[in-house]
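Structural overview
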Amino acid sequence: PPNVEAGIRIGVQCYTQRWSSGLVTPWIIERLRFSVEMAAVVNDTKHAAAWAATADLMAAAFAKYHVVPASGQLPTHVADVYDLGEPNMPRGYSQAGQTVAIYTGLLDTADAVADLSYAFPAPQGNPPSDVARWNNPTYGYRTLRALSHVGMSRLAVEHLKQRYARYLPANSRNPLPLPLQGPWGGPLPEYAFSRADGNFAPGEINPTQPIDPTGSHGWMSVPLVWLHESILGVQWTSAGGGTVTVQPDAAGLPYVSGHAVTPLGAIWVFYQPSTGQLRVTIPSDVKATVMLPKDVAQHKQVCS
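In this text, all values refer to a predicted model and were calculated from it rather than measured experimentally. (Residues numbered from 1 in each chain as written. Predicted model: local features only at pLDDT ≥ 70, side-chain atom pairs only at ≥ 80, totals over all residues. Heavy atoms only, no water.)

1. Some words on helix H6 (residues 153-164)
Basically, it comes down to this: Helix and strand definitions here come from DSSP, where helices need a minimum of 4 consecutive H or I residues and strands a minimum of 2 consecutive E residues; each element is numbered from the N-terminal end. Helix span, expected: 1.5 Å multiplied by one less than the number of residues in the helix. The buried label goes to any residue with under 20% of its type's maximum accessible area, the exposed label to any with over 50%, and the partly exposed label to all in between, with areas taken from a 1.4 Å probe on protein chains only. Residues are treated as being in contact if the distance between any of their heavy atoms lies within 4.5 Å.
In this model, H6 (12 residues) spans 16 Å end to end at C-alpha, consistent with the 16 Å of a helix rising 1.5 Å per residue. Counting buried residues in H6 gives nine out of 12 residues, a clear majority hidden from the surface. By the burial criterion, the buried members of H6 are Ser153, Leu155, Ala156, Val157, His159, Leu160, Gln162, Arg163 and Tyr164. Buried residues in H6 make contact with helix H5 (137-149) and helix H9 (222-231).

2. A word on the packing of aromatic side chains
Two aromatic rings are characterised by how far apart their centres lie and by the angle between their planes. Selection criterion: Aromatic pairs are defined between Phe, Tyr and Trp rings, using the six-membered ring for Trp, whenever the two ring centres lie within 6.5 Å; interplanar angles under 30 degrees are classed as stacked, those over 60 as edge-to-face, and all others as tilted. Put simply, a charge is over a ring when the Lys NZ or the Arg CZ is close to the ring centre, within 6 Å, and near the line of the ring normal, within 35 degrees.
A complete count under the given rule lists three aromatic pairs for this structure. Centroid distance Tyr255 to Phe270: 6.3 Å. Interplanar angle 25°. Geometry classified as stacked. Of this pair, Tyr255 sits in the loop between strand E6 (243-246) and strand E7 (256-262) while Phe270 sits in strand E8 (residues 265-272), placing them 15 residues apart in sequence. Overall, Tyr255 belongs to the partly exposed group, its relative accessible area being 47%. Just above the ring of Tyr103 sits the side chain of Arg145; from NZ or CZ to the centre is 3.9 Å. The positively charged end of Arg163 is found above the aromatic ring belonging to Trp134, 3.9 Å away from the centroid.

3. With respect to the pairing of E8
Our working definition: Here the rule is simple: two strands pair whenever DSSP picks up at least two bridges between them.
Two strands pair when backbone bridges link them, and E7 and E8 are joined in this way by seven bridges, in the antiparallel orientation. Pairing of Val256 across the sheet is with Tyr271, part of E8. In sequence, E7 turns back onto E8 through a hairpin of two residues. Looking at chain direction, E8 and strand E9 (residues 277-281) are connected through five bridges and run antiparallel. Bridge pairing in E9 links Val269 to Val280. Linking E8 back to E9 in an antiparallel pair, the connection comprises four residues, with Gly276 at a positive phi of about 75°.

4. Re the layout of surface pockets
Threshold: The distinction between a cavity and a pocket rests on a 1 Å grid over the protein atoms alone: a 1.4 Å probe fits inside a cavity but cannot get out, while a pocket stays open yet meets protein on both sides within 12 Å along at least five of seven lines, and a residue with an atom within 4 Å of a point counts as lining. Grid points are joined across faces, edges and corners, and a volume is the space filled by probe spheres set on the points. The nonpolar class holds Ala, Val, Leu, Ile, Met, Phe, Trp, Tyr, Cys and Pro. Asp, Glu, Lys and Arg form the charged class, and all remaining residues, Gly among them, are polar.
Approximately 650 Å³ is the volume found for the largest pocket. Lining the largest pocket are 25 residues, with Glu229, Ser230, Val234, Gln235 and Trp236 positioned closest to its centre. Here the lining of the largest pocket is built from residues that sort into nine nonpolar, 11 polar and five charged. Size it by volume and the second largest pocket reaches roughly 420 Å³. In this structure, the second largest pocket is lined by 17 residues; those nearest its centre are Leu160, Pro223, Leu224, Trp226 and Leu227. Breaking the lining of the second largest pocket down by element, the ones donating at least two residues are H6, H9 and E7.

5. Brief notes about the sheet that holds E7
By definition, the strands of a sheet pair up through backbone hydrogen bonds, in either a parallel or an antiparallel sense. Our working rule: Lines fitted to the C-alpha atoms define the axes, with helices restricted to the stretch that makes contact. Angles between their N-to-C directions range from 0 to 180 degrees.
Strand order across the open sheet formed by three strands is E7-E8-E9, with antiparallel pairing between neighbours. Two strands in the sheet have a free side with no partner beyond their single neighbour: E7 and E9. Here the average twist between neighbouring strands, direction ignored, is 10°.

6. What to know about the pattern of salt bridges
Two side chains carrying opposite charge are able to pair once their charged atoms lie near each other. Operational definition: Any carboxyl oxygen of Asp or Glu within 4 Å of a side-chain nitrogen of Lys or Arg constitutes a salt bridge here.
Within this structure, the stated rule accounts for four salt bridges. Across the pair Glu30 and Arg145 runs a salt bridge whose closest N-O atoms are separated by 3.8 Å. Of this pair, Glu30 sits in helix H1 (residues 24-41) while Arg145 sits in helix H5; the two residues are 115 residues apart in sequence, bridging distant segments of the chain. The exposure class of Arg145 is partly exposed, given its relative accessible area of 25%.

7. Here's the deal with the packing of H1 against helix H2 (residues 45-65)
Operational definition: Note on terminology: angles under 35 degrees are roughly parallel, angles over 145 are roughly antiparallel, angles of 65 to 115 are roughly perpendicular, and the others are oblique. The sense of a crossing depends on the near helix, which, turned anticlockwise from the far helix by less than a right angle, makes the crossing left-handed and, turned clockwise, makes it right-handed.
The geometry of H1 relative to H2 is characterised by a closest axis approach of 9 Å and an angle of 160° between their N-to-C directions. The angle between the axes of H1 and H2 places the two elements in the roughly antiparallel class. In the packing of H1 onto H2, the handedness of the crossing is left-handed. Counting all contacts with H1, which are made through Thr25, Pro26, Ile28, Ile29, Leu32, Arg33, Ser35, Val36, Ala39 and Ala40, the residues of H2 involved are Ala48, Trp51, Ala52, Thr54, Ala55, Asp56, Met58, Ala59 and Phe62. Each residue belonging to the contact of H1 with H2 can be placed in one class, and the counts come to 14 nonpolar, three polar and two charged.

8. Some thoughts on the nonpolar core
Stated formally: The set of buried Ala, Val, Leu, Ile, Met, Phe, Trp, Tyr and Cys residues whose side-chain atoms join them within 4.5 Å is what this entry labels a nonpolar core.
Judged by nonpolar contacts, the single largest core of 54 residues is most densely connected at Leu116, Trp226 and Val246. In this structure Leu116 touches Ile102, Pro121, Ala146, Leu147, Val150 and Met152, once residues within four positions along its chain are discounted. Core analysis: the second largest hydrophobic core is formed by five residues, Val12, Cys14, Val81 and Met89 among them.

9. Here's the deal with the environment of Thr143
Filter applied, for reference: Two N or O atoms count as a polar contact when they lie within 3.5 Å, although within protein this holds only if one can serve as hydrogen donor and the other as acceptor, and sequence-adjacent residues are included solely when both atoms are side-chain atoms.
Mapping Thr143 onto the fold places it in helix H5. In sequence terms Thr143 and His159 are 16 residues apart; their C-alpha atoms lie 9.1 Å from each other. If sequence neighbours within four positions are ignored, Thr143 has contacts with Thr99, Phe120, Trp134 and His159. There is a polar contact of 2.8 Å between the side chain of Thr143 and the backbone oxygen of Tyr139.

What follows is the structure, given as structure tokens:
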């Protein structure tokens, strides 16, 4: 577990093999369920049934040992670690630890909303002092996905802007002089421990950064997955992208516009809440269920 969690900030790290990780266990459950879907596609019913049964057992154990009931002002939440031999040890509460468990369905919706509202309070999702802030780039995606999963997409957009503003061109929080920013902004993204986290003085080197002068450690790319599947709202519903659902979510933005790529061609989406205009262009070989945007209604019609 220490190797799996390397570079991921949580409240309490797993330091012994006796400890169970609230961060890693939902990954395994999620991937077992992915495996069930893939096995079903190739008619491997034996493995599909076995993996489904294992995922269900792990989900039940996760609910028993890793989901901490609400107490006082703390909502029901996922603990970072659990030790069967020492159940009263400090267990940790982190933003990262809540994310995968929520969109994998390991917390019910009401508990998930309360949990995320505490760990990512409005207006921008900065955590309270008793919750560890996410830092790893893949948790940028997982955070945004979890917030959208429970209908908190407006907060997701504000959180995205808050965490990424310093890297965007011409943004007031970008510390580089405008002539040095270029069309893609700057500075290079910080990875594990930001200057703000460490209270580093101007010009002081951040010693926690990986040796990667290109800044290509995924910080700037992972939110794109969320923008495609949650904001444009394009999600595959069958192998190969032959069937998809399309349901854009403006999430407080003035409009949503872009395309998502499938093996059968690009799906273009434009939605402007102020006019109610929704345009979707679908390749001829793709069958799509196009639903009205989330801020309008949940009606749908089937298009081809």
